[in-house]
Amino acid sequence: MSNTDNFEMDSLCDTEEMEGDMELGMIDEDMVYPEEFLPTYHSIEEGATVNKALLAEFNGKPDSLFFNDGVRRIDYILVYEDEDKKDFEKRHTFQRRKRRREYFEASLMKMGIELEATQSVINDKLLFVKVHMPWDVLCTYAEVLHIKLPIQPNDLSSRPSPWRYFSCITKHFYPDEQMITKETEFFTAPFEKDRLEYFLVRDKDLFFTAAMRSRMAYYILSRAPYEIRGNTKKFGITKLLDSGVYKAAYPLHDSRFDVKSEEEGSTSERYLLYREWAHPKSFYKMQPLNLIRKYYGEKIGIYFAWLGFYTIMLALAAVVGLVCFIYGYKTQDTSTWSQEVCDPAIGGQMVMCPQCDRECVYWRLNSTCEASKQLCIFDNFGTLVFAVFMSIWVTLFLEFWKRYQAELEYMWDTVEFLEQDEPPRPEYEAKCTNERKNPVTGVNEKVPYTACGRCLRVSVGIGTVFFWILLILASIVAIIVYRLAAFFAFSAKLRAEDLKELEPLKEYVTPQMATAVTASLISFVVIMILNILYERVAIWITDFELPRTKTDYENSLTLKMFLFQFVNYYSSCFYIAFVKGKVVGFPGDPVYLLGKYRNEECDPGGCLIELTTQLAIIMGGKAIWNNIQEVLLPWVKNLIFRYCTRVASEKVIPCWEQDYRLQPFSKHGLFYEYLEMVIQFGFVTLFVASFPLAPVLALVNNLFEIRVDAWKITTQFRRIVPEKAQDIGAWQPILQGVAILAVATNAMIIAFSSDMIPRLVYYWSFSVFPYGDHSNHTMQGYIERSLSVFNISDFSNDSLPMMKTTYSISTCRYRDFRYPPGHAMQYEYNVYYWHVIAAKLAFIIVMEHIVYLTKFVLSYVIPDVTYRVKEQIRREKYLTQVILHETNLKLVTRRLKPVDDGTVKFAKVNLTGEEMELDLSQ
């Protein structure tokens, strides 16, 4: 990424002068490097030994994580291809890449980094550059990145687990303690190089973990320059990878995943994670979160902690949902309204009006007998209870997650991980060409754009997002038109006489079901295509906005992607739940879309079964597609790569080359994992009133998801660069927003999509109402009174069926609450309709208020941070103050000398690691 920082013109410097003017860990921006300048450093592959860099021969140890001397640890690997062995036609491009690489590696060594190169044992054109960070460099960048390190063992007694009495049973569900031992807990503080003596440094080689070292190495690689032309400075490993200067850059796994390292002192954490976490035989065990965090960093650790917690909470929802499903399944044959639909004397005698113009025919109500029974499985009083339960469940999930997250924040030293502590992205720093006064510090600082420029970038981003959302809505309209046309076609083709060869299935192969299934499949395909297209657009927009930090970047991308995915995945479900069948008119005066297509009607039992079908297809298809994309493709790619680069069995392949053969982990990889789960969370909560089995399917999927993700990152991908993270970021408010919306959607689904409220109104009505002559409070006669009557002589010429009916009838039935023909207000809404509407609105208001009040009480009663964690945080702050600050104040006081003669005295005091003179005069 280019940088157009302005440099003052100064005299040319040779290499020795440059070394003296450069401080450890930074490049002096006041210097000018002419275009023709190259450091007095030749390619590592030529064998130069500048700053301990040399072309090393592989020592034959496949598990070695050290330089050839066996002392210096490898913190990062850079891979490139030797251009000298390429064709002459491309020599100019290769020379430019070589020049940039040499400058970049020289810059790294100027910053204190030590390098060593070795040739590939498989491909003699490949070279691997090992990166090592000496102790002084580690200390410098640990302070720059505010890395927290131990100052004292945790002396607060831990609260005993309530499961300790069942340890003989629960121990089988936890990782083997002999393999993954419990680590000592420490109080920590941000590292300060000048106060090193106050930190617990027992072994310099082990003081900084491999994850910390890799994180610091990546920070340096992202900021080292590789080219300076006049006033333009270019830097960062990301741009070098994009331009092909390097083929790969990654930290090393500490061992093979299936074989324990033979290196002395190796912990083989990757092997332990595979055995106790990623291996299929460990699917029933709890996750070793502390080891995951130690090996992959806090960002990966917090994701798996959240996914595991979500899965555990889903177990409770899945049990209740399964009970509701079983209840509906057991009562489907005893339901009064389904019995009336299937009864030949009731449903068999009711002739229903055609549901489309001209081509559709009359049909008997009992032809939907099986569909009516299926509807009773999902549309029953148990579903109402389950919807209320899920509204409370989602509140408990979010509140208890906050508590658990607060505990992880303390354990993993991210309590004080603030945005201002996070360094700017290299891409942001590279574009800093404008100056502004920092409102906090009052110092002029460089920024990449002015206020107007930022407004323009944000406006372009918002406009593009809205354009794509409108594109989704256009696709939904297109699918609706397809549904109308398909129903018309299926109604003409799927007649009873045409289904003789499908005799066992003719009860299920109805025009409504055929339309619903095909439209759901088409909707799923459109969703996947739009996702692929929009993904690239969203990344381009976010790159164009140029957020300052990585957290800002991820939050911006998260909001864009979720808004798009929300509309993309849920719009078809919202259409079926709240639009379809609501504005259709009646047979004599139907409503048309675009003046041509007659609006769809719901089945006599409602649109709930179709909504269930849509949810099942999208959830199932999405899970299958994600597994193919996330697991199968990387495995196939690795298999092909290993086949193409196979070597003779006698050759020993070093660990850096083994890791090179793995797939690189996408910089947005974790983002897609979160997005997948949050979209699933939306299906589980927003539409659970129509599909009680959604939590069950989500639970089964997540049990596989955890282990599949673990297997994937442990065995199929290179080691991920560890990153710091305090929480799940922008996903937290998104989950809270979905939880609030879920209450309203489930209340409206029960009120408007299901037939529950009309049934309740009928059930509790007395003889005072014209539709309630059933004082014994039963559902008998409900089907008769819930279907209106239409005189077939009132059909218009455009709606009159072409085929003559075989039934000797003068009227037909349709789903609505209207006065019959011959009434003074014929075909107008009757009093039952208005009572039902009032009951629906009352139900929504009452349910929302009760659930929201319960959510408010629960969120108030359950504290976000436990008292024990608050105590430990206060204890750690106290120790930091005493050990790192008050100690120095006492040292100053002790060294002050009394002055009694009025003369000026000076005392040399060691304050924060530097000697300074204090004026001790009166």
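My aim in this report is to walk through the structure given alongside it, one point at a time.

Thresholds applied
- Residues numbered from 1 in each chain as written.
- Predicted model: local features only at pLDDT ≥ 70, side-chain atom pairs only at ≥ 80, totals over all residues.
- Heavy atoms only, no water.
- Disulfide = S-S within 2.5 Å.
- Helix = DSSP H or I, 4+ residues; strand = E, 2+ residues; numbered from the N terminus.
- Buried < 20%, exposed > 50% of the residue type's maximum accessible area, 1.4 Å probe, protein only.
- Polar contact = N/O pair within 3.5 Å; in protein donor to acceptor, adjacent residues only side chain to side chain.
- Contact = heavy atoms within 4.5 Å.
- Axes fitted to C-alpha atoms, helices over the stretch in contact; angles between N-to-C directions.
- Parallel < 35°, antiparallel > 145°, perpendicular 65-115°, else oblique.
- Left-handed = near helix turned anticlockwise from the far one by under 90°.
- Nonpolar A, V, L, I, M, F, W, Y, C, P; charged D, E, K, R; others polar.
- Phe/Tyr/Trp six-rings, centres within 6.5 Å; stacked < 30°, edge-to-face > 60°.
- Lys NZ or Arg CZ within 6 Å of the ring centre and 35° of its normal.
- Patch = residues over 30% accessible without salt bridge, like charges linked within 9 Å, V, L, I, M, F, W, Y side chains within 5 Å.
- Areas by Shrake-Rupley, 256 points an atom, 1.4 Å probe, with all protein chains shown as cover.
- Salt bridge = Lys/Arg side-chain N within 4 Å of Asp/Glu carboxyl O.

This part is about the state of the cysteines. For the coordinates displayed, the defined rule picks out two disulfides. One disulfide bridge connects Cys 342 with Cys 369, the sulfur atoms lying 1.9 Å from each other. Taking the sign of the torsion about the S-S bond as the criterion, the disulfide between Cys 342 and Cys 369, at about 100 degrees, is right-handed. With Cys 342 in helix α11 (residues 336-342) and Cys 369 in helix α12 (residues 369-378), the pair connects residues that are 27 residues apart, well separated along the chain. Residues Cys 342 and Cys 369 agree in their burial class; the two are buried. Across the disulfide from Cys 353 sits Cys 812; the S-S distance is 1.9 Å. Taking the sign of the torsion about the S-S bond as the criterion, the disulfide between Cys 353 and Cys 812, at about 90 degrees, is right-handed. Linking Cys 353 in the loop between β11 (351-352) and β12 (363-364) with Cys 812 in strand β20 (residues 811-815), this pair joins segments that are 459 residues apart in sequence. For the pair Cys 353 and Cys 812, one class covers both residues: buried.

Assignment of secondary structure puts Thr 715 in helix α21 (residues 694-716). Here Trp 711 takes part through its backbone oxygen, which lies 2.5 Å from a polar atom of the side chain of Thr 715. Within the local environment of Thr 715, its side chain forms a polar contact with the side chain of Gln 716, the two groups lying 3.2 Å apart. For Thr 715, the contacting residues outside a window of four places in its chain are Phe 257, Arg 270, Tyr 274 and Leu 662.

Now for the packing of helix α10 (residues 298-331) against helix α20 (residues 669-686). How two helices pack is summed up by the angle between their axes together with the distance between the axes. Their axes nearest at 11 Å, the elements α10 and α20 cross at an angle of 20 degrees. As the angle between them shows, α10 and α20 are arranged roughly parallel. For the pair α10 and α20, the crossing hand works out as left-handed. Where α10 abuts α20, its residues Lys 299, Ile 300, Ile 302, Tyr 303, Trp 306, Leu 307, Tyr 310 and Leu 314 lie against Leu 670, Glu 673, Tyr 674, Met 677, Gln 680, Phe 681 and Val 684. Here the contact of α10 with α20 is composed, by residue class, of twelve nonpolar, one polar and two charged.

With that out of the way, let us pick up the packing of aromatic side chains. Centre-to-centre distance and the angle between the planes together describe a pair of aromatic rings. Tallied over the full model, the rule gives 57 aromatic pairs. For the ring pair Phe 191 and Phe 199, a centre distance of 5.2 Å and an interplane angle of 45 degrees mean the geometry is tilted. Classification of Phe 191 as buried rests on a relative accessible area of 2%. Sitting above the plane of the Tyr 80 ring, Arg 101 keeps its charged end 3.8 Å from the centroid. Over the ring of Tyr 829 we find Arg 818, and its NZ or CZ is 4.2 Å from the ring centre.

A separate point is a nonpolar patch on the surface. A grouping of Ile 624, Ile 628, Leu 632, Leu 633, Trp 635, Val 636, Leu 639 and Ile 640 is seen on the molecular surface, where their side chains present a nonpolar patch of about 680 Å² in accessible area. Position of Ile 640 among the secondary structure elements: in helix α18 (residues 608-644).

Turning our attention to unusual backbone geometry. Residue Ser 268 is not a glycine yet carries a positive backbone phi of 50 degrees. With respect to the helices and strands, the residue Ser 268 is situated in the loop between β10 (248-250) and α8 (269-278). By relative accessible area, Ser 268 is classed as buried at 0%. Look at Asp 413: it is not a glycine, yet its phi comes out positive at around 60 degrees. Relative to the elements of secondary structure, Asp 413 occurs in the loop between α13 (381-411) and α14 (426-430). Overall, Asp 413 belongs to the buried group, its relative accessible area being 12%.

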